[in-house]
Amino acid sequence: MENQPARQRMIKDLKEDDFRVQITGYIDAIEDNISFLLQDGTGKVKVRIENVEFTFTKNDLVNVIGNIKYQEGDGPEIEADIIQDMKNLNFEYYKKLYEIKKEYI
């Protein structure tokens, strides 16, 4: 399962059978040195950053790729493998394109 491609998702569309995901959103809060909250306008998800270089601050737009785990009572959590700076992305157009693609894929 480790070689699975990451599925592009909005937080509201995360599924329990997702293993590896790609989510683009804003850093909502940096909780400590090992995690932050990512929000994309549809929800929030905790992202663990123990295995990546993290140089971002609150409100930065980032793309997170990693394995998703569901903690009982806490909801989903992503263990980040890659975090990309997306400051030049038009996020409103990105969300519209995502919804259009979702209808056809």
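Structure first, text after, so check above.
Residues numbered from 1 in each chain as written. Predicted model: local features only at pLDDT ≥ 70, side-chain atom pairs only at ≥ 80, totals over all residues. Heavy atoms only, no water.

Q: I'm lost on the overall build of the protein in this one. Help?
A: Within the protein, the secondary structure is distributed over 1 helix and 6 strands. Order of helices (α) and strands (β) in the protein, N terminus to C terminus: β-β-β-β-β-β-α. Looking at the protein as a whole, 35% of its 105 residues are labelled buried. Accessible surface, the protein: about 6700 Å² in total, of which carbon and sulfur atoms supply 44%. Charged side chains of the protein number 15 positive and 21 negative; the gap between the two group centres comes to 5 Å. (Helix = DSSP H or I, 4+ residues; strand = E, 2+ residues; numbered from the N terminus. Buried < 20%, exposed > 50% of the residue type's maximum accessible area, 1.4 Å probe, protein only. Areas by Shrake-Rupley, 256 points an atom, 1.4 Å probe, with all protein chains shown as cover. Lys, Arg positive; Asp, Glu negative; His and termini not counted. Charge placed at Lys NZ, Arg CZ, Asp CG, Glu CD.)

Q: Please explain the nonpolar core as it appears in this structure.
A: Within soluble globular proteins, side chains that are nonpolar tend to cluster in buried spots. By size, the foremost hydrophobic cluster in this structure holds 18 residues, and its most contacted members are V47, V64 and I83. Looking at this core, the elements with two or more residues in it are β2 (20-32), β3 (35-39), β4 (44-48), β5 (61-71) and β6 (75-85). If near-sequence neighbours (up to four positions away) are discounted, V64 is found in contact with V21, Q22, I23, F36, L38, V47, I78, A80, I82 and I83. Ranked by size, the runner-up nonpolar core spans 5 residues in total, among them M10, L61, F91 and Y98. (Core = buried A, V, L, I, M, F, W, Y, C linked by side-chain atoms within 4.5 Å. Contact = heavy atoms within 4.5 Å.)

Q: Just to check I follow, could you spell out a nonpolar patch on the surface for this structure?
A: On the surface, L97, I100, Y104 and I105 cluster together to form a nonpolar patch covering roughly 540 Å² of accessible area. Considering the arrangement of structural elements, one finds I100 in helix α1 (residues 91-104). On the basis of relative accessibility, which here comes to 47%, the residue I100 falls in the partly exposed class. (Patch = residues over 30% accessible without salt bridge, like charges linked within 9 Å, V, L, I, M, F, W, Y side chains within 5 Å. Salt bridge = Lys/Arg side-chain N within 4 Å of Asp/Glu carboxyl O.)

Q: Sorry, what's going on with the pairing of β2 here?
A: Sheet faces and side chains relate simply in a regular strand, where the side chains alternate between the two faces. Where strand β1 (residues 7-8) lies against β2, 2 bridges are found, and the strand directions are parallel. Residue Q8 lies in a different strand from β2, and its bridge partner there is Q22. As defined by bridge partners, β2 adjoins β5 across 7 bridges and the pair is classed as antiparallel. Across the sheet, T24 pairs through a bridge with N63, a residue of β5. (Pairing = 2+ DSSP bridges.)

Q: Even after reading the chapter, I still don't get the side chain of S35, so can you show me in this structure?
A: Structurally, S35 is set in strand β3. The class of S35 is buried, set by a relative accessible area of 0%. Each residue touching S35, except ones within four places of it in the same chain, is listed here: I30, K46, V47, R48 and I49.

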